[in-house]
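Topology and contacts: notes
The residues making up each chain are set out below.
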There are 2 protein chains.
Amino acid sequence: MSANEASSSATIVTAAILVIGDEILSGRTKDKNIGYIADYLTAIGIDLSEVRIVPDVTEEIVAALNALRARYTYVFTTGGIGPTHDDITADAVAAAFGVTIDHDPRAVAMLSERFSPAELNEARMRMARIPAGAELIANAISKAPGFHLGNVYVMAGVPAIMQAMLDVVGPTLRTGRKMLSDTIRAGLREGDIGGPLAAIAQAHPAVSIGSYPFWSDTGPDTNIVVRSRDAEKLTAAMAAVKAMVASEKQ
Amino acid sequence: MSANEASSSATIVTAAILVIGDEILSGRTKDKNIGYIADYLTAIGIDLSEVRIVPDVTEEIVAALNALRARYTYVFTTGGIGPTHDDITADAVAAAFGVTIDHDPRAVAMLSERFSPAELNEARMRMARIPAGAELIANAISKAPGFHLGNVYVMAGVPAIMQAMLDVVGPTLRTGRKMLSDTIRAGLREGDIGGPLAAIAQAHPAVSIGSYPFWSDTGPDTNIVVRSRDAEKLTAAMAAVKAMVASEKQ
């Protein structure tokens, strides 16, 4: 963290994502939630600082949750809140917080909007198991709610449902000063500008400068991304980058 | 871990992935490596057990590396081995292992296949910085090598280069008994079969049964995936699942 960031730490809000699911680790399902949540949080001024993917194993979920919730402002989990035996996220969250878990009348009411009494069997009633003290997160798509307890937000793994839940949760979150960014396509090879770019990064400690090589139709190229919460410092650093790029092209 | 898995633990090989990169956490770049490596490892008989994504911060990389390498047979990292100031993975790996790092003549020779002496500037020479004691991983695409030190395999973040490196590394890895799997599309809603599926899971402790709902053209449906290293036990459990599905459809 730069000196500038430290001085404005009161306005920095951090988050972690915990993806829960054997199917992601086996490769059977390709995660689509991490990138979506990353974009969403960046846009509202929350820094995604870490992501973990763990299997459907209670002790693994509990350990990861307790490590992450102690360290970041918010933790968002995806996966493991359905009606089957392998859906163990709610119980793991209760264990992590040391609270009881039982059928929540509010959650049962939500499920009853979709399912008849005959359909509300033991399996579906699993989706109404909510840790004590949690607040529900409405699910506009399939009714079974997510919940949040303390700074942990528990959401579905199915992307469409997760996205609907994030739309409910987003406006309630504390947000910090937005990270601003500007990108320039250098038209140069990364290795040709590594030296001067490092000098600029050193001269502008309050900004973060990233360099991302790619192949374009005309050959190797590089995107340079400058990021800062301070608009003036961002502009100054980007001006230096642009001047360097113009000079290297001559 | 089931009793059966514990008894054959000598044949279980585990792995973790450590993705290093601010650009993944900001959402700017969408990771394409996790799913690819997951598929690859599953196919050769290595269990991907955990994934972490951390920022371009030395202490974060070191802490994650040391946690993961102590726990799993292999750790695969992606990202942060290019020529610019934000490429700090090699130095972080050296720090994690407590070894020195310097320009490696073998790596310099590889870079010299692609770059002229004039092109081999200080920035590009960063890509020849290799921790002491590491073995190089050839890079068929852009020459700059990855490396492995102990059980940690350091690969590029660019998917095409990472995949080429994994093709080099794969055949050298110790592999375990392959996890076998079989899938049935139930044609039923997940909540309708949660009860009997839980009973089957309990009666077949040596297999792992996953349930994955999805929406098809004809409405809600469920894929049931049965996984085990033991072919006979897999067959027995899948037979029970199929009988249950047939019975529920009547």
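From a predicted model like this one, the values you see are computed outputs, not experimental measurements.

Points about the overall build of chain A
If you tally the helices and strands in chain A, you get ten helices and eleven strands. Considering only C-alpha atoms, chain A reaches an extent of 75 × 40 × 30 Å along its principal axes. Taken across its 250 residues, chain A has 46% of its residues classed as buried. Long-range pairs, those at least 24 residues apart, make up 68% of the contacts in chain A between residues at least 6 apart in sequence.

Considering the interface of chain A and chain B
On the side of chain B, 45 residues touch chain A, which itself brings 45 residues to the contact. Elements represented by at least two residues in the side of chain A that touches chain B include exactly helix H2 (22-25), helix H3 (33-44), strand E2 (47-54), helix H7 (122-125), helix H9 (190-203) and strand E10 (208-216) of chain A. A class-by-class count of the residues in the side of chain A that touches chain B yields 17 nonpolar, 15 polar and 13 charged. Bridging between E2 of chain A and strand E2 (residues 47-54) of chain B involves three bridges; their strand directions are antiparallel. Across the sheet, residue Arg52 of chain A finds its bridge partner in E2 of chain B, namely Arg52 of chain B.

Concerning helix H5 (residues 89-97) of chain A
Residues and elements named next belong to chain A. Of all the nine residues making up H5, seven are buried; the element is thus mostly covered by neighbouring parts of the structure. Here H5 has its buried residues at Thr89, Ala90, Ala92, Val93, Ala94, Ala96 and Phe97. Looking one or two residues beyond H5, the residue adopting positive phi is Gly98, at roughly 70 degrees.

Re the relation of the copies chain A and chain B
Between the two copies of the chain lies a relationship made up of a rotation around an axis and a movement along it. The two copies are related by a screw operation: chain A maps onto chain B through 180 degrees of rotation and 0.0 Å of translation along the axis, at an RMSD of 0.0 Å. Considering both components of the superposition, the chain copies are consistent with a two-fold axis. The position closest to the rotation axis in chain A is occupied by the C-alpha of Arg52 of chain A, lying 2.2 Å away. A shared interface surface links the copies, since 100% of the contact residues of chain A are contact residues in chain B too.

Quick word on the domain arrangement of chain A
Considered domain by domain, chain A is made up of domain 1 (3-172) and domain 2 (180-249). A C-alpha centroid distance of 37 Å is found between domain 1 of chain A and domain 2 of chain A.

So, the packing of helix H9 (residues 190-203) of chain B against helix H10 (residues 231-249) of chain B
How two helices pack is summed up by the angle between their axes together with the distance between the axes. Residues and elements named next belong to chain B. Two elements in contact, H9 and H10, have axes separated by 10 Å at closest approach and are oriented at 150 degrees. As summarised for this structure, H9 and H10 are arranged roughly antiparallel, according to the angle between their axes. Our pair here, H9 against H10, has a crossing hand that is right-handed. Taking contact as the criterion, the partners of Asp192, Ile193, Pro196, Leu197 and Ile200 in H9 are, on H10, Ala237, Ala240, Val241, Met244 and Glu248.

Here we look at the packing of H3 of chain A against helix H8 (residues 159-169) of chain A
Residues and elements named next belong to chain A. In contact at an axis separation of 11 Å, H3 and H8 are set at 20 degrees when each is read in the N-to-C sense. Our classification of the angle between H3 and H8 gives roughly parallel. When the axes of H3 and H8 are compared, the crossing they make is right-handed. Residues Asn33, Tyr36, Ile37 and Tyr40 of H3 form the contact with H8, whose own contacting residues are Pro159, Met162, Gln163 and Leu166.

Notes on the sheet that holds strand E6 (residues 135-137) of chain B
The twelve strands are arranged E6(A)-E7(A)-E8(A)-E3(A)-E1(A)-E2(A)-E2(B)-E1(B)-E3(B)-E8(B)-E7(B)-E6(B) in an open sheet whose pairing can be described as mixed. Two strands lie at the open edges of the sheet, namely strand E6 (135-137) of chain A together with E6 of chain B, each paired on one side alone. Within the sheet, the average angular offset between the axes of one strand and its neighbour, ignoring direction, is 20 degrees. Here strand E1 (residues 14-20) of chain B pairs with E2 of chain B via seven bridges, running parallel. Bridge pairing in E2 of chain B places Leu18 of chain B opposite Arg52 of chain B. On the sheet, helix H3 (residues 33-44) of chain B packs against E1, E2 and strand E3 (74-78) of chain B and is oriented at approximately 165 degrees with respect to E1 of chain B. Across the sheet, helix H8 (residues 159-169) of chain B touches E3, E6, strand E7 (146-149) and strand E8 (152-155) of chain B, and the angle it forms with E8 of chain B is around 145 degrees.

Quick notes on the rules
Residues numbered from 1 in each chain as written. Chains lettered and ligands numbered in written order. Predicted model: local features only at pLDDT ≥ 70, side-chain atom pairs only at ≥ 80, totals over all residues. Helix = DSSP H or I, 4+ residues; strand = E, 2+ residues; numbered from the N terminus. Buried ≥ 20, exposed ≤ 12 C-beta atoms within 10 Å, placed from the backbone. Contact = placed C-beta atoms within 7 Å. Nonpolar A, V, L, I, M, F, W, Y, C, P; charged D, E, K, R; others polar. Pairing = 2+ DSSP bridges. Least-squares fit on C-alpha atoms with pLDDT ≥ 70 in both. Domains from an automatic or database assignment. Axes fitted to C-alpha atoms, helices over the stretch in contact; angles between N-to-C directions. Parallel < 35°, antiparallel > 145°, perpendicular 65-115°, else oblique. Left-handed = near helix turned anticlockwise from the far one by under 90°.

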